[in-house]
Amino acid sequence: MTDTNYLLHTVHDLVKDPSKIEVLRLLLDKDAKQVNKVDRSGLAPIHVAAYVGNMATLKLLLSRGAEKDARRPDGMTPMLIAAFRGTSKHGDICVELAAQGANVNVAGPMGMTVLHFLCSKGLSAPVLELLNAQPVGANVNARTNEKSTPLHAAVSGNHLDLALTLIGQG
């Protein structure tokens, strides 16, 4: 195993553990290119940070030039990954990525958008923030390949208050 491969493996592991952010910072200082290196599975460190919901690490990676709309081999971006995970901390990750200029209307497999995933989980606060994101807010009427909208996702998840909010947003 070469030093670069060892470093890559270490960076991906460090991203999972918020208590090791200073070590991650030092490794990125040593080799800045590691911020966007993908592992054998096609994952960049930002994908891992979004999956585990590690906000501090996500912000560090973004400040070091991580590609905010990097795609995994299956087409999922960091924002889609976080939205799919669907907890409140993952909703916060979506909002942060949008604030940093990530595409709020990116579609993943089957045409699902961030709003589809967040609405299915009933995460009203990040949904509202993404709808009002600047310069372009999330498309309240985005359609999957099967023509399902975020409203359908909210209703299917029995999140009727969120459904009413979506109706109010057009």
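Residues numbered from 1 in each chain as written. Predicted model: local features only at pLDDT ≥ 70, side-chain atom pairs only at ≥ 80, totals over all residues. Heavy atoms only, no water.

J.: What am I meant to see in the side chain of Glu96 here?
T.: As for its position among the elements, Glu96 is in helix α6 (residues 88–99). In this structure Glu96 is buried but unpaired, with Lys59 as the nearest side chain of opposite charge at 4.3 Å. (Helix = DSSP H or I, 4+ residues; strand = E, 2+ residues; numbered from the N terminus. Buried < 20%, exposed > 50% of the residue type's maximum accessible area, 1.4 Å probe, protein only. Lys, Arg positive; Asp, Glu negative; His and termini not counted. Salt bridge = Lys/Arg side-chain N within 4 Å of Asp/Glu carboxyl O.)

J.: Sorry if this is basic, but what is going on with the pattern of salt bridges here?
T.: Opposite charge on two side chains permits them to pair, given that their charged atoms come into close proximity. For the structure on display, the rule yields 5 salt bridges. Across the salt bridge formed by Lys20 and Asp17, the nearest N and O atoms sit 3.6 Å from each other. Since its relative accessible area comes to 40%, Lys20 is described here as partly exposed. By relative accessible area, Asp17 is classed as partly exposed at 24%. Measuring nitrogen to oxygen at the nearest pair gives 2.6 Å for the salt bridge that ties Arg72 to Asp74. Judged by relative accessible area, Arg72 falls into the partly exposed class, the value being 22%. Its relative accessible area of 40% is what places Asp74 among the partly exposed residues.

J.: What exactly am I supposed to notice about the packing of helix α3 (residues 45–52) against helix α5 (residues 78–85) here?
T.: Each pair of packed helices gets described by two things: the angle between the helix axes and the distance between those axes. At a minimum axis separation of 8 Å, α3 and α5 run at an interaxial angle of 20°. Overall, the two elements α3 and α5 adopt an arrangement that is roughly parallel. Crossing of α3 against α5: the hand is right-handed. Listed contacts from α5 to Ile46, His47, Ala50 and Tyr51 of α3 are Pro78, Ile81, Ala82 and Arg85. (Axes fitted to C-alpha atoms, helices over the stretch in contact; angles between N-to-C directions. Parallel < 35°, antiparallel > 145°, perpendicular 65-115°, else oblique. Left-handed = near helix turned anticlockwise from the far one by under 90°. Contact = heavy atoms within 4.5 Å.)

J.: Would you explain the packing of aromatic side chains in this entry?
T.: Each aromatic ring pair is characterised by the separation of its centres together with the angle its planes make. For the coordinates displayed, the defined rule picks out 1 aromatic pair. Ring centres of Phe84 and Phe117 lie 5.5 Å apart, and the angle between their planes is 85°; this geometry places the pair in the edge-to-face category. Here Phe84, found in helix α5, pairs with Phe117, found in helix α7 (residues 114–121); they are 33 residues apart in sequence, far enough to count as distant. The aromatic ring of Tyr51 is capped on one face by Arg85, whose charged end is 3.9 Å from the ring centroid. (Phe/Tyr/Trp six-rings, centres within 6.5 Å; stacked < 30°, edge-to-face > 60°. Lys NZ or Arg CZ within 6 Å of the ring centre and 35° of its normal.)

J.: Would you mind showing me how to read the environment of Ala56 here?
T.: On the secondary structure map, Ala56 appears in helix α4 (residues 55–63). Considering only alpha carbons, one finds Ala56 and Gly168, 112 residues apart in sequence, at a separation of 34 Å.

J.: How do you make sense of the environment of Arg143 when you look at a structure like this?
T.: Relative to the assigned elements, Arg143 resides in the loop between α8 (124–131) and α9 (150–156). Along the primary structure Arg143 and Phe117 are separated by 26 residues, whereas in three dimensions their C-alpha atoms are 12 Å apart. One polar contact links the side chain of Arg143 to the main-chain carbonyl oxygen of Lys147, over a distance of 2.9 Å. (Polar contact = N/O pair within 3.5 Å; in protein donor to acceptor, adjacent residues only side chain to side chain.)

J.: What should I look at first to understand α4 in this one?
T.: Residue pairs spaced three or four apart in an α-helix point in one direction, given the helix's 3.6 residues per turn. Listed in full, the buried residues belonging to α4 are Thr57, Leu58, Leu60, Leu61 and Leu62. Gly65 occupies a position one or two residues after α4 and carries a positive phi of about 95°.

J.: Honestly, the state of the cysteines in this entry has me stumped. Any pointers?
T.: Here a disulfide denotes one covalent bond, and it connects the sulfur atoms of two cysteines. With the rule as written, the count across this model stands at 0 disulfides. Cysteine Cys94 shares no disulfide, and the gap to the nearest cysteine sulfur, in Cys119, comes to 11 Å. The buried category is assigned to Cys94, whose relative accessible area is 0%. (Disulfide = S-S within 2.5 Å.)

J.: When you look at unusual backbone geometry in this model, what are you seeing that I'm missing?
T.: Generally, phi is negative for residues other than glycine and the peptide bonds are trans, each holding for most cases. A cis amide bond, omega 5°, links Gln134 with the succeeding residue Pro135. By the element assignment, Pro135 lies in the loop between α8 and α9. Positive phi, normally seen in glycine, also occurs at Lys147, with a value near 75°. Examined against the element boundaries, Lys147 turns out to sit in the loop between α8 and α9.

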